[in-house]
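Take a look at the letters that make up each chain.
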Amino acid sequence: MKPPLCYIFDVGLATAAGCQLVASCDIAVASEESRFATPGVNIGLFCSTPGVAVGRSLPRKVALEMLFTGFPLSAQDALKHGLLSKVVPDDKVEEETMKIASKICETSRSVLAMGKACFNTQIAKTRDDAYSYAEKVMVTNLMMKDGQEGIQAFLSKRKPFWTHDVEKMT
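Residues numbered from 1 in each chain as written. Predicted model: local features only at pLDDT ≥ 70, side-chain atom pairs only at ≥ 80, totals over all residues. Heavy atoms only, no water.

A. Highlighting the overall build of the chain. In terms of regular secondary structure, the chain is built from 8 helices and 6 strands. Going from the N terminus to the C terminus, the chain shows its helices and strands as β-β-α-β-β-α-α-β-α-β-α-α-α-α. If you line up the chain on its principal axes, its C-alpha atoms span 60 × 40 × 20 Å. Counting all 170 residues of the chain, 32% fall into the buried class. Partitioning the intrachain contacts of the chain with sequence separation of at least 6 by distance along the chain shows that 54% fall at a separation of at least 24. Accessible surface computed for the chain: about 10,800 Å², of which carbon and sulfur atoms make up 60%. Separation of charge centres in the chain, based on 20 positive and 19 negative side chains, amounts to 6 Å. (Helix = DSSP H or I, 4+ residues; strand = E, 2+ residues; numbered from the N terminus. Buried < 20%, exposed > 50% of the residue type's maximum accessible area, 1.4 Å probe, protein only. Contact = heavy atoms within 4.5 Å. Areas by Shrake-Rupley, 256 points an atom, 1.4 Å probe, with all protein chains shown as cover. Lys, Arg positive; Asp, Glu negative; His and termini not counted. Charge placed at Lys NZ, Arg CZ, Asp CG, Glu CD.)

B. Inspection of a negative patch on the surface at higher detail. A grouping of Glu32, Glu33, Asp90 and Asp91 is seen on the molecular surface, where their side chains present a negatively charged patch. With respect to the secondary-structure elements, Asp91 resides in the loop between β6 (86-88) and α5 (93-105). Among the residues examined, Asp91 registers a relative accessible area of 64% and is labelled exposed. (Patch = residues over 30% accessible without salt bridge, like charges linked within 9 Å, V, L, I, M, F, W, Y side chains within 5 Å. Salt bridge = Lys/Arg side-chain N within 4 Å of Asp/Glu carboxyl O.)

C. Representation of the sheet that holds strand β4 (residues 35-37) within the structure. Reading across from one edge, β2-β4-β5 is the order of the 3 strands in this open sheet, with mixed pairing throughout. Pairing within the sheet leaves two strands with one partner each, and these edge strands are β2 (13-15) and β5 (73-74). With 2 bridges connecting them, β4 and β5 associate as antiparallel partners. Looking at β5, one finds that Arg35 is bridged to Ser74. The strands touched by helix α1 (residues 17-24) are β2 and β4; relative to β2, the strand with the most contacts, the crossing angle is about 90°. (Pairing = 2+ DSSP bridges. Axes fitted to C-alpha atoms, helices over the stretch in contact; angles between N-to-C directions.)

D. The arrangement of the environment of Ser108 in detail. Mapped onto the secondary structure, Ser108 falls in the loop between α5 and α6 (109-122). For Ser108, a relative accessible area of 3% puts it in the buried group. There is a polar contact of 3.2 Å between the side chain of Ser108 and the backbone nitrogen of Val111. (Polar contact = N/O pair within 3.5 Å; in protein donor to acceptor, adjacent residues only side chain to side chain.)

E. The arrangement of the side chain of Ser108 in detail. For Ser108, the side chain forms a polar contact with the side chain of Ser110, separated by 3.0 Å. Only 2.5 Å separates the side chain of Ser108 from the side chain of Asp146, close enough to count as a polar contact. Those residues within four positions of Ser108 in sequence are excluded, and the remaining contacts are Asp146, Trp162 and His164.

F. Representation of the nonpolar core within the structure. The biggest cluster of nonpolar side chains holds 19 residues, and the ones touching the most others in it are Phe36, Val54, Leu58, Leu83 and Leu84. Of all the elements in the fold, those that place two or more residues in this core are α1, β3 (27-31), α2 (48-57), α3 (60-69) and α4 (75-81). (Core = buried A, V, L, I, M, F, W, Y, C linked by side-chain atoms within 4.5 Å.)

G. Structural detail: α5. Compared with an ideal rise of 1.5 Å per residue, which puts 13 residues at 18 Å, α5 spans 18 Å between its outermost C-alpha atoms and is within 8% of the ideal. Residues of α5 that are buried: Val93, Glu96, Thr97, Ile100 and Ala101. Looking straight down α5, one finds that the buried residues subtend no more than 130° of arc, so they occupy a single side. Facing away from the buried surface of α5 by more than 90 degrees, the exposed residues are Glu95, Lys99, Lys103 and Cys105. (Expected span 1.5 Å × (residues − 1). Arc of directions from axis to C-beta.)

Below you can see the structure in the form of C-alpha cells.
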C-alpha cells in the first residue's frame, strides 16, 4: 500500500527517488519553491524505477520530458500536471499537511481502506465495469458497522463513533 500523504517542506529539489516518493503518494503538498526532477539520464543512469511512479502520476509527454532531459518541474507545473495535490506558501506546508492528515484521521479506517482499494481497482477498468464494481463495494460499505454508524450520525446530526472494523451488521 502506498503512502497516503506526502509533504515537501524543504524549499528545494526532489530528485530521482525523492520525485518517485512524491509520485507514489495519494496526496502530496509542496511549497511554492519546490521542484521535481528525474536527472539520472544526465549522469548515464536512467531513472527507470522513478519512471514507474512518475509515469503513472503525470501525462506521458510530461513524464518522458522529465526522464529524457532531467529538467525539473516547478511546483506550479507539478500541480498543473497532477504530481501534486496542492501548492502552498513555504511557511504553510506543514500546517496544510497536518490539516489534511487530521481530517483523514477523523474518518473510519475500514471505510477509508475499502474506498482506497475500490478507487485503485476501478481506475483500471472500463467505465461500465468500474461502475458495476463500485456499486458492489457501495453495497458492502452500507452493510458495514461504520457505514451504518455514519448514516445514523448524519441523521442524528452528531459526530460518528467509528469502530474501524470491517465487520458487517447482523
